[in-house]
Each structure stands twice: as C-alpha cells, then as structure tokens.
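# Chain and residue survey
For reference, the chains in residue letters:
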Amino acid sequence: MSFSWVAIHPQPKGVVQFIGGTFFGSLPTLFYRYFLQQLFEEGYTVIALPFRFTFRH
C-alpha cells in the first residue's frame with residue numbers, strides 16, 4: 001500500500017479498494033478521479049492501487 005492513494009472518510013459506510021487496469025490504471029487518481037470522488041462523497045473510504053505495467057508477469 002505504499003504506492004496507493006487513500007482517502008479516509010470520517011464516518012465510512014465501507015471500504016472500496018480500486019485496482020486500476022492495464023493502461024489507464026497506472027494513474028487511477030488521474031483517469032478515474034470523478035468516479036473515486038463520487039464514491040468518497042457517498043461515504044466510502046477509497047483505496048486506489050495503481051497497476052504496475054511491466055513485461056514480467
């Protein structure tokens with residue numbers, strides 16, 4: 001979680017862990033910002049994990 005973006009809601013309904021996809025998921029807070037913000041405003045703590053694109057699987 002050291003490379004994750006975490007938004008901790010003061011009174012969370014739950015926790016959403018968002019794992020980005022291959023290309024746009026490398027920067028989830030940039031490409032999925034509106035979606036993640038809506039989740040946070042609905043009362044969820046959000047953890048966004050970037051996808052590390054490498055050729056070593």
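A quick note: this is a predicted structure, and the numbers were derived from the prediction, not measured.

All right, on to the packing of aromatic side chains then. Going through the model one piece at a time under the given rule, you end up with 2 aromatic pairs. Clustering of aromatic rings is evident, with ring pairs tying together F18, Y32 and F35.

Looking now at the confidence of the model for the chain. Mean pLDDT for the chain: 81, with 68% of residues reaching 70 or above. Considering each helix and strand of the chain separately, the mean pLDDT is smallest for helix α1 (residues 28-31), with a value of 70, and largest for helix α2 (residues 33-41), with 91.

Judged by nonpolar contacts, F18, L36, L39, V46 and A48 together constitute the single largest core of 5 residues. Within the residue set of this core, elements represented by two or more residues are α2 and β3 (44-49). Residues within four places of L39 in sequence aside, it is in contact with V16, Y44 and V46.

Turning our eyes to something else, we now look at the sheet that holds strand β2 (residues 14-19). Read from one edge to the other, the open sheet built from 3 strands follows the order β1-β3-β2, with strand pairing classed as mixed. Strands with a single pairing partner mark the edges of an open sheet, and in this sheet they are β1 (5-7) and β2. Strand-to-strand, the axes of this sheet are offset by a mean angle of 10°, without reference to chain direction. Across the sheet, α2 touches β1, β2 and β3, and the angle it forms with β3 is around 155°.

Conventions we followed
Residues numbered from 1 in each chain as written. Predicted model: local features only at pLDDT ≥ 70, side-chain atom pairs only at ≥ 80, totals over all residues. Heavy atoms only, no water. Phe/Tyr/Trp six-rings, centres within 6.5 Å; stacked < 30°, edge-to-face > 60°. pLDDT = per-residue confidence, 0-100. Helix = DSSP H or I, 4+ residues; strand = E, 2+ residues; numbered from the N terminus. Core = buried A, V, L, I, M, F, W, Y, C linked by side-chain atoms within 4.5 Å. Buried < 20%, exposed > 50% of the residue type's maximum accessible area, 1.4 Å probe, protein only. Contact = heavy atoms within 4.5 Å. Pairing = 2+ DSSP bridges. Axes fitted to C-alpha atoms, helices over the stretch in contact; angles between N-to-C directions.

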